[in-house]
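Structural description and commentary
Okay, here's what each chain looks like letter by letter:
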There are 2 protein chains.
Amino acid sequence: MKVTIRDVAQQAGVSPATVSRVLNKPELVEPATRERVRNAIRVLDFQPNAIARGLSAQNSDTIGLVVPGITDLFFGELYRGIERVSRRAGMKVLLFDAQHSRHRALEGFTFLRQHQVGGIVFTSKLVSEDFDPVLERLGIPVVLALTQATSKTPLHAFKVDDVKAVFDAVSYLVSRGHRRIGMLSGQIEDDITGTLRLQGYRTGLLHYGIEFQASFVENGDYRFDSGYRAMQRLLRRQAENRLTAVFAASDEMAIGAIRCLHDNGLRVPEDLSVMGFDDLSVAHMVVPGLTTVAQPFAEIGERAVDQLLQMRSAEGVHAGATEYLPHRIVERESVQTAPAGAS
Amino acid sequence: MKVTIRDVAQQAGVSPATVSRVLNKPELVEPATRERVRNAIRVLDFQPNAIARGLSAQNSDTIGLVVPGITDLFFGELYRGIERVSRRAGMKVLLFDAQHSRHRALEGFTFLRQHQVGGIVFTSKLVSEDFDPVLERLGIPVVLALTQATSKTPLHAFKVDDVKAVFDAVSYLVSRGHRRIGMLSGQIEDDITGTLRLQGYRTGLLHYGIEFQASFVENGDYRFDSGYRAMQRLLRRQAENRLTAVFAASDEMAIGAIRCLHDNGLRVPEDLSVMGFDDLSVAHMVVPGLTTVAQPFAEIGERAVDQLLQMRSAEGVHAGATEYLPHRIVERESVQTAPAGAS
DNA sequence: TTGAAAGCGCTAACAT
DNA sequence: ATGTTAGCGCTTTCAA
C-alpha cells in the first residue's frame, strides 16, 4: 500500500529514526547514510504523511484563516499576503469561509481548533462580547485583520484607520470643490467598519463646517446591488439634496452607484462625482476609473501572520493593540474638480 | 493542557473507546452512557483532534483543490461549488494556489498527497504528458475542472465546450449583423482553452462564410492588462481592418478592451462592439454591461467533487471522459445590433 | 453494550 | 552518528 518511513528505512538499511532525521535535520546524519536514505526515498517515491507528522510533532504547521466571504473581491489579495509569509515560515494556511454569517464565523474557530492550527487570522465581522466564551477556551493565538474587537478578550488587530481614511476622503472631495457630499454607508450593526466610516464622514464634514444631513446618507451591505439601490434612494431626493459627490464605503457600492447613475442618464463625474473605498482590482478596470481610498490588503495579511508568528515564540507580545496601516487616496476619474452646482 | 478523549473518558467514567463511539457511532452506545459522555464533553469543552482522527482513520476527509490563481475573479464561484458539495459529504477542502505557475501546479499534487486528501480537483493549466510521472504514482483520484488532459493518464474533466461556446458567440455576433469580427485570444501554449476558443472562432467564421484574417487576432493572457494591450494593437490596424466587433476569450480581457477603447475616444458599443467570456460578477457591474458567454463555475465545481466522491465508492467509474456543461450567452449592452460599418 | 489493546506514520528523548 | 522506545490522540478489532 502506502509507502511509509519504515519502508524507506528498510530499503536504506537504517532505522526509521534516521529517515526522520534526514527529513527534518539532515545535518545530524552522516553524508553517506543521508545519500543512501535520499536514494531510497526517491526509489520508493516516498512522501511523508503530513497528518502523522503533525500528530507526532504536536503542531500542524498551519495558520487558520477565517474570511467573511470567499467571493469578496478583496479576498484574493488578502490571502496572498497571508500565504506569502506563512509559506516563508514553512507553514500552510487552512481556509474557512464564513459565508457572511456570524454563526459560521464562530464555527470557524471550532473547525480550525480541531485542525490544530498554530494561530488564527480572523477577518470577518466585528468581534464582540458574544465571541468571549469561544475565545476564552480557544487556547490558540488569534489576530484580527480588517476588523477590531470590542470583546473582553483583547485581540491584536491590523487595519486601516477607517475614521481617518474617510476623513481624508472627505478632505479630498472638499479640496475638489465639493460641499454637498452624500454617503453610501455600510452596515452599522454587526460591523465595526460601518460605524467607523460613517463617523469619519461626519467628522470630516464637521471639520469643514459642513452641516451633516441625515438625508444625504443611505446604507447598504458593501455589495454592488446594495450600492445600486442605495444610490437609487439618494437620487429620489436629489432635487432637494443637490449632491455633487457621493462617497461610498466600498468600491463595490461605488461601482453599483455609478451603474445606477448611468442607468438614470447621469454621467460620472460630470453630473455627480463618486468615490469608493478599498481599491479593488476592478477599480481601475471600470469606466470611469474609480477614485478611491486604497487599503493595503496584502500587507495587512502579512502583518497579521507576522504577529501570529511572534506570539508563538515570545509569549504575550503586546497583545490587544490595534495597529493602523497606511491608507492612501488613489486618484482616477470618477471625481470632478469644481463641480457646477457647488454651493 | 489539551483536553483529549482520555480526559473525557475519565470524567465520564468510561473507556476512550466508548467516547470515540458516541462521537462516531452514537447508536452503538446506550442512551444513558451516551448522555454521560456528551455531558463530559461539554463540561471539558472537548474538541476531537482532527489530525489524530485522520491518522487513525487513514483518511483525512479532505478534498484537495488546485487553482491557477487565487486572485482570479472566477475563483470564488468555483470554490463555492466545490465547498458546497464537499461539506454536504462531510469533507473539508484544502486549497492550493498554483500562482499561475506550471511548476507550482505540479507541487500542488505533492502537497495534497502529503496531506492525505481523498481526491483532487485540479483546475489549472492543461494537463499534458509532463504530468504523467506524477499522476502515475499519485494513487489519489484526480478530476479536472475548466481544463482537459492530453496526458497518457486519462482524467475525467468537467468544463464547457469551448469550441462550441465560441462558435455560438460568433453566431450571436453574426446574427447582430457583424461580419468583421476581431478576436482577443488567450494563450496558445500551455493552455488548452486558448487553442479551443481560437478554434471556435475560426470554425464560426468559416461556417458563416467569413474569411479568417490573422490580422484580426491578437492574444493575451486572459488578464485585464493584456486585453488592454491586445486591443491597442488591434486598434493600430483598425483603419484597414474596420472591425465592428471584438470577441475576447475572457471577461477580463473584454473589460480591458473596453477600457482601451474608451481611452481612445471610442464608444462601446456604438463604435465597436465587445463580447466577453466567463460571465464574472464584474460583467454586470461595468458600464456598458458586458455581453458574454457564461460558464457555470459553481456547477462545474460541484460536478467535479461529485465525480470524486463516486470514484471513491465505486472504483473506476467511467474515467477519462470530458463532460461538457452548458454555457449560455448573456446579453447585456456591449454588443450593438446592425453596426454602421458592416460589410 | 463496553473495555482492552494494538496501531495509524511519524518524531523525539534517551541510549549506545 | 544511529538505533530503541515510547508516545501523539484517535479508531477499531477482538473479548468479555
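Position numbers for residues start from 1 in each chain and track the written sequence from start to end. Labels follow written order: the first chain is A, the first ligand is 1, and so on. Predicted model: local features are reported for residues with pLDDT of at least 70 only, side-chain atom pairs are reported and counted for 80 or more only, and whole-chain, interface and lining totals are derived from all residues. Side-chain descriptors were evaluated using all non-hydrogen atoms of the structure, hydrogens and water having been removed beforehand.

By the naming in an unreviewed UniProt entry, chain A goes by LacI family DNA-binding transcriptional regulator and is assigned to Alicyclobacillus mengziensis.

Describing the overall build of chain A
Rule in force here: Helix numbering and strand numbering both begin at the N terminus, where a helix is a DSSP run of H or I of at least 4 residues and a strand a DSSP run of E of at least 2. The atom set for the radius of gyration is the C-alpha atoms, and the globule formula is 2.2 Å times the number of residues raised to the power 0.38. Residue burial is assigned from relative accessible area. The probe radius is 1.4 Å, only protein chains are included, and a residue is buried under 20% of its type maximum, exposed over 50%, and partly exposed in between. By definition, residues are in contact when any of their heavy atoms lie within 4.5 Å. Residue-level accessible areas treat just the shown protein chains as cover; the underlying method is Shrake-Rupley with a 1.4 Å probe. His is not counted here, nor are the chain ends, while Lys and Arg score as positive and Asp and Glu score as negative. A charge is said to be at NZ when it belongs to Lys, at CZ for Arg, at CG for Asp and at CD for Glu.
Counting its secondary structure elements, chain A contains 13 helices and twelve strands. In terms of overall size, chain A is more extended than a compact globule, its C-alpha atoms giving a radius of gyration of 26 Å where 343 residues would be expected to give roughly 20 Å. For chain A, the residues scored as buried account for 57% of the 343 residues in total. Within chain A, residue pairs in contact and separated by at least 24 positions form 69% of the contacts whose partners lie at least 6 positions apart. Total accessible area on chain A stands at roughly 14,100 Å², and carbon and sulfur atoms take up 50% of it. Side-chain charges of chain A comprise 39 positive and 40 negative groups, with the mean position of each set lying 4 Å from the other.

Some thoughts on the sheet that holds strand 2 (residues 92–97) of chain B
All names here are of chain B. Quick note on the threshold: Pairing between two strands requires that DSSP report at least two bridges joining them. Helix axes are fitted to C-alpha atoms over the stretch in contact, other axes to C-alpha atoms as well, and angles between N-to-C directions run from 0 to 180 degrees.
Across the sheet, six strands lie side by side as 2-1-3-4-5-11; this open sheet has parallel pairing. The open sheet has two free edges, formed respectively by strand 2 and strand 11 (322–325), since each of these has just one partner strand. Neighbouring strand axes in the sheet, compared pairwise and without regard to direction, differ in orientation by 20 degrees on average. Sheet analysis places strand 3 (residues 119–122) next to strand 4 (residues 142–145), joined by three bridges and oriented parallel. Along strand 4, the bridge assignment pairs Val121 with Val143.

Concerning helix 2 (residues 16–24) of chain B
All names here are of chain B. The following threshold applies: Directions are taken from the helix axis to each C-beta atom, and the arc is the one they span.
Looking at helix 2, one finds that the buried residues are Thr18, Val19 and Val22. Looking straight down helix 2, one finds its buried side chains confined to an arc of 100 degrees; they lie on one side. Turning to helix 2, the residues buried within the fold contact helix 1 (5–12) and helix 3 (31–44).

Things to note about the protein's contact with DNA strand C
The condition is simple: We call a residue near a molecule or strand when any one of its heavy atoms sits within 4 Å of it. N or O atoms closer than or at 3.5 Å make up a polar contact, with two conditions inside protein: a donor-capable atom paired with an acceptor-capable one, and, for residues adjacent in sequence, both atoms drawn from side chains.
Around DNA strand C sit 23 residues in total, of which Ile5 and Ser56 of chain A together with Thr18, Arg21 and Thr33 of chain B are the nearest. Protein-proximal atoms of DNA strand C, defined as those within 4 Å of the protein, fall in sugar or phosphate at a share of 67%. Note that a phosphate oxygen of DNA strand C is positioned 3.0 Å from one of the side-chain N or O atoms of Asn24 of chain A. Thr33 of chain B is positioned with one of its side-chain polar atoms (N or O) 2.4 Å from a phosphate oxygen of DNA strand C. Examining the composition of the surface near DNA strand C, we find that four residues originate from one element, helix 2 (residues 16–24) of chain A, more than from any other.

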